[in-house]
Amino acid sequence: MNLLHDLVKKHQQEVVNLRRYFHTHPEISKKEFNTQKKIMEKLTALGLKPKVIANTGVMAELTGAKRGRRIAIRADIDALELQDECGKSYQSVNRGACHACGHDGHISMLLGVANVLTDYRENIAGTIRFLFQPTEERFPGGALSMIEEGALDGVDAIIGAHLWQPIPIGTVGIKSGRFMASPDEFSIAIQGRGGHASMPHQTVDALLTASQIVLALNTIVSRGVDPLEQAVLSIGSLHSGDTFNIIPDTAILQGTVRSFEENIRQLIFERIETITRGICEAAGATYKIEKILGFPPVINELSCTNVVMSAIKESLGENKVFAVNPSMGGEDFSYYLEKVPGAFMFVGVGNDAKGIIYPQHHPKYDIDEDALAYGTEVMARTAVHLSAMEEPFPVVNN
């Protein structure tokens, strides 16, 4: 299997160049047309037959020389609606679009895997399916459209990777079971009665009511959820009023709920309703709650996770893989895992010495590009191992 390592080295600079190209030319969700065109050009040049899927996505397959399983590898391809401030030669030229979540690296790594495995075809038992998925950054995500259009037809297992700044370069984090949470959203609109700030007794203060709700909502997890469970409730936005001497009649607050279990999710939303109703009734205000249930949680399957861990050790060394704590971030890769067994991993890109210190979704976000080779090799090696597996994969009951 050292040949795989040598092939990764052979294609390493091309993968870096591709990453810089995609970083320079990012496209936001549902508008990844140039990105799609570039991907299809590269896959076609390898002798593959890519096809359009989910409007701006791409799917292609590589069939090995021997019979085996069909393994899918997924990369998301959309950028964020954000102004790039990385300050590098490859800074975005598309105003208001920025690959500040690492998807440029995901695209280039999967193209790198396609290059490597094309050269390695004679040693592959089975078929590798390459999935370039659009619209991960915008709910409800592009995974559902990919699945509806056949992305998982005939697939035995699936893997995916996310470049991850909190993890140091040269390491990969993964664990079986809970990996990433369900990201839910909610908004609460408060209707009071406005008036002059000098006569508060004539008003129903929507701003004060909303402030009390914000404080009370922050007790839900600390006092209503089992401490051994994992859950987050955060308020990210509160808008009310326009000037200093008018008590506003409306207020809108927005927040997110993160959880792994459906009963915890339901408990939190029930408590949001109860608390909001009680405070509004006491104040004489009315309210309306809207909630958006996000992706299901990412739950890694054990046997696939073990194969990934073995591939990491073979590629990077025994001490370069570790069991990460579950992330309360969300990922629509979860939809694939509801259909077929698989595993998702975090490839470390953080490097203080190189100034790679900014987190995902920060305008100065960047990666240590050495991670691209690590991710490429781990995914290629995992896919080869999984496609050659003879024992049956577990059945996913969803």
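Look up a bit, the structure's there.
Under the definition given, this model contains 23 salt bridges. Notably, a salt bridge pairs Arg-265 with Glu-262, separated by 3.1 Å at the nearest N-O pair. Of this pair, Arg-265 and Glu-262 both sit in helix H7 (residues 262-283), three residues apart, which is roughly one turn of that helix. The exposure class assigned to Arg-265 is buried, which follows from its relative accessible area of 9%. Members of the salt-bridge network, linked through shared partners, are Arg-19, Arg-20, Lys-88, Asp-104, Asp-366 and Glu-369.

Mapped onto the secondary structure, Glu-136 falls in the loop between strand S4 (125-133) and helix H4 (143-148). Although Glu-136 is buried, it forms no salt bridge, and the closest oppositely charged side chain is Arg-74 at an N-O distance of 4.9 Å. Setting aside its immediate chain neighbours within four residues, Glu-136 contacts Arg-74, Asp-76, Asp-78, His-103, Gly-142, Phe-295, Gly-330, Glu-331 and Asp-332.

What follows deals with the nonpolar core. Soluble globular proteins tend to bury their nonpolar side chains together. Judged by nonpolar contacts, the single largest core of 63 residues is most densely connected at Ile-39, Leu-43, Leu-117, Phe-130, Phe-132, Leu-163 and Met-345. At nine residues, the largest contribution of residues to this core is made by helix H10 (residues 370-387). Sequence-distant contacts of Met-345, that is, excluding residues within four places in its chain, are made with Gly-160, Ala-161, His-162, Val-172, Gly-173, Ile-174, Phe-179, Val-308, Val-378 and Met-379. One finds Ile-147, Trp-164, Val-298 and Phe-344 within the second-largest nonpolar core, a separate group that totals 26 residues.

Each regular strand carries side chains that alternate between the two faces of the sheet. Strand direction decides the pairing type here: strand S8 (residues 182-191) and strand S12 (residues 250-259), joined by ten bridges, are antiparallel. By the bridge assignment, Glu-185 is partnered in S12 with Thr-256. Bridge analysis of strand S10 (residues 231-239) against S12 gives eight bridges, and the strand direction is antiparallel. Along S12, the bridge assignment pairs Leu-238 with Leu-253.

The subject of this paragraph is the packing of aromatic side chains. Tallied over the entire structure, the rule returns ten aromatic pairs. Both rings, one in Phe-295 and one in Tyr-335, keep their centres 6.0 Å apart while their planes meet at 75 degrees; by these two values the pair is edge-to-face. One end of the pair, Phe-295, is in the loop between strand S13 (286-292) and strand S14 (298-300); the other, Tyr-335, is in helix H9 (residues 334-337), and 40 residues separate them in sequence. Residue class for Phe-295 comes out buried when judged on its relative accessible area of 7%. On the basis of relative accessibility, which here comes to 11%, the residue Tyr-335 falls in the buried class. A connected cluster of aromatic rings, assembled from ring pairs, spans Trp-164, Phe-179, Phe-333, Tyr-336, Phe-344 and Phe-346.

What follows covers the pairing of strand S5 (residues 157-168). Among the twelve residues in S5, ten count as buried, and that is most of the element. Strand direction decides the pairing type here: strand S3 (residues 66-76) and S5, joined by four bridges, are parallel. Across the sheet, the residue bridging to Arg-74 is Gly-160, located in S5. Summarising the sheet, S5 and strand S16 (residues 342-350) pair through eight bridges and their orientation is parallel. Residue pairing across strands places Pro-168 opposite Gly-350, the latter belonging to S16.

Cut-offs applied
Residues numbered from 1 in each chain as written. Predicted model: local features only at pLDDT ≥ 70, side-chain atom pairs only at ≥ 80, totals over all residues. Heavy atoms only, no water. Salt bridge = Lys/Arg side-chain N within 4 Å of Asp/Glu carboxyl O. Helix = DSSP H or I, 4+ residues; strand = E, 2+ residues; numbered from the N terminus. Buried < 20%, exposed > 50% of the residue type's maximum accessible area, 1.4 Å probe, protein only. Lys, Arg positive; Asp, Glu negative; His and termini not counted. Contact = heavy atoms within 4.5 Å. Core = buried A, V, L, I, M, F, W, Y, C linked by side-chain atoms within 4.5 Å. Pairing = 2+ DSSP bridges. Phe/Tyr/Trp six-rings, centres within 6.5 Å; stacked < 30°, edge-to-face > 60°.

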